Amino acid sequence: MKIENSLPCPLLPEFPSQTGLQFTVATEEDFDEIMAMSQDIYGGLDYLPTRYGSWLQEPHRMVILARKDGKVIALESVCVIDDGETVLVEGLRVAPQERGKGVAGVLLRFCSQLVKARYPDVKVSRLTRDDQLGPKDFQKYRIITKQGILLVRFRAEDLKLRLAEKDSDTQRFGGSTVPHAVLLDPSEAHRLFLSAGITQDVLPNATIVQDWQPFKPLPSNMAILAKKDIDWMVDDAIRPSVASLCTFPFHVPIGEDWYYLNIDIFGKDLDLVRQQFLSHLRRHTATLRGNVMCQLFLDPPLWEPLAEFCRNTLGVELVKGYTEQCVVESDLV
Ligand SMILES: CC(C)(COP(=O)(O)OP(=O)(O)OC[C@H]1O[C@@H](n2cnc3c(N)ncnc32)[C@H](O)[C@@H]1OP(=O)(O)O)[C@@H](O)C(=O)NCCC(=O)NCCS
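Model, not experiment: these values are computed from the prediction.

**Examining the domain arrangement of the protein chain**
The assigned domain composition of the protein chain is domain 1 (14-122) and domain 2 (146-331). With centres defined by C-alpha atoms, the gap from domain 1 to domain 2 works out at 29 Å. Listed by partner, the interface residues are 14 residues for domain 1 and 17 residues for domain 2. Interface area for domain 1 against domain 2, summed over the two sides, is near 1,300 Å², with a carbon-plus-sulfur share of 59%. It is Leu45, Arg51 and Asp82 that lose the most area in domain 1 upon contact with domain 2, and together they represent 37% of the buried surface on that side. Joining domain 1 to domain 2, the criterion identifies 1 salt bridge. At the boundary of domain 1 with domain 2, the tally comes to 6 residue pairs in polar contact (both at pLDDT 80 or more). The leading source of residues in the side of domain 1 that touches domain 2 is helix α3 (residues 48-57), at 3 residues. Residue composition of the side of domain 1 that touches domain 2, by class: 5 nonpolar, 3 polar and 6 charged.

Shown next as structure tokens:
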């Protein structure tokens, strides 16, 4: 890692006076105010409430707030990855009453200046978007990769029963229940996800996307990922053609007993992708009680057959139609 400086950041003094906004580094005390302005975000699937505390502790991350008259009106987080060469932009949000006035643009530019001042080796800014990109965005960004987003919801107890029925049907009709899904321990995951085989043949444009965070397969990034609660899976630990990462279930603001599962699957073989999806679901529905929003990210052509499988075989509810997660980059200017 080339990054050396992880002290609390000094804020650039000249930016605020031009815009009427003040910029501060987020602290634990700001949590309630940030949550208050985040009520409607991501249809109730906001990850920030569970990540906020750990984000404040991460050494190469800054969580920056924009304030108007002292009140928090916007947030963005920037995290330096890829051996110090890339900044990952996340969490962007503006208070509903302040949207459409250019606040996000000002905050993005402020954060870029801050990153350039503190991490001069950073050359590229990377982010994921799931909204419709327009011509202006295509001028601004290079597209790194796209994954289809399949969002389904179910009660964990119901799906557990459905999966057990499906297994017994398979056995009754003489099919194989042996899943081509190998759960990797951390050292195997580290070795495999840095291997040329996965990088060239499985990962989309050589990118590991984990719960909206896109990383190059580098040892320093694997060290960041190793700190998270993730299940790493492949179909074959020697020559994988499908690989997947699944978060442990975590609470989301949509409702009291609602959990979120994020499954990123890489690879193009429908049967193997389906098996890994089922393996992750089996693992987590074994113990989970309550409602689950499950977001599955996969190669776009696999969306339709997987959606049909979810509807007709698993009997789970599709929350929305096809949408896309787009990983984009631009030079840090
Ligand atoms: C998206 C949102 C932050 C835009 O805020 P805003 O102050 O109304 O936006 P602005 O008027 O400054 O203009 C939008 C600018 O932000 C950019 N932008 C929009 N969504 C973005 C995103 N997810 N990441 C980075 N930039 C984004 C636009 O491309 C535009 O850039 P430009 O100035 O170069 O044209 C705001 O509508 C919001 O908080 N929405 C709910 C949360 C959300 O969807 N966040 C984005 C996903 S991380």
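**Quick look at the nonpolar core**
If you look at the biggest cluster of nonpolar residues, it comprises 50 residues, and the most contacted ones within it are Phe23, Ile34, Leu48, Ile64 and Val115. When residues in this core are grouped by element, the largest group, 7 residues, is from helix α4 (residues 103-118). The two domains that each donate at least three residues to this core are domain 1 (14-122) and domain 2 (146-331).

**Looking at helix α9 (residues 219-226)**
Of the positions making up α9, those classed as buried are Ser220, Asn221, Met222 and Leu225. Here the buried face of α9 lies against β3 (71-81), α7 (186-193), β8 (208-210), β9 (213-215) and β10 (230-234).

Rules used in this analysis
Residues numbered from 1 in each chain as written. Predicted model: local features only at pLDDT ≥ 70, side-chain atom pairs only at ≥ 80, totals over all residues. Heavy atoms only, no water. Domains from an automatic or database assignment. Contact = heavy atoms within 4.5 Å. Buried area = accessible area lost by both parts, 1.4 Å probe. Salt bridge = Lys/Arg side-chain N within 4 Å of Asp/Glu carboxyl O. Polar contact = N/O pair within 3.5 Å; in protein donor to acceptor, adjacent residues only side chain to side chain. Helix = DSSP H or I, 4+ residues; strand = E, 2+ residues; numbered from the N terminus. Nonpolar A, V, L, I, M, F, W, Y, C, P; charged D, E, K, R; others polar. Core = buried A, V, L, I, M, F, W, Y, C linked by side-chain atoms within 4.5 Å. Buried < 20%, exposed > 50% of the residue type's maximum accessible area, 1.4 Å probe, protein only.

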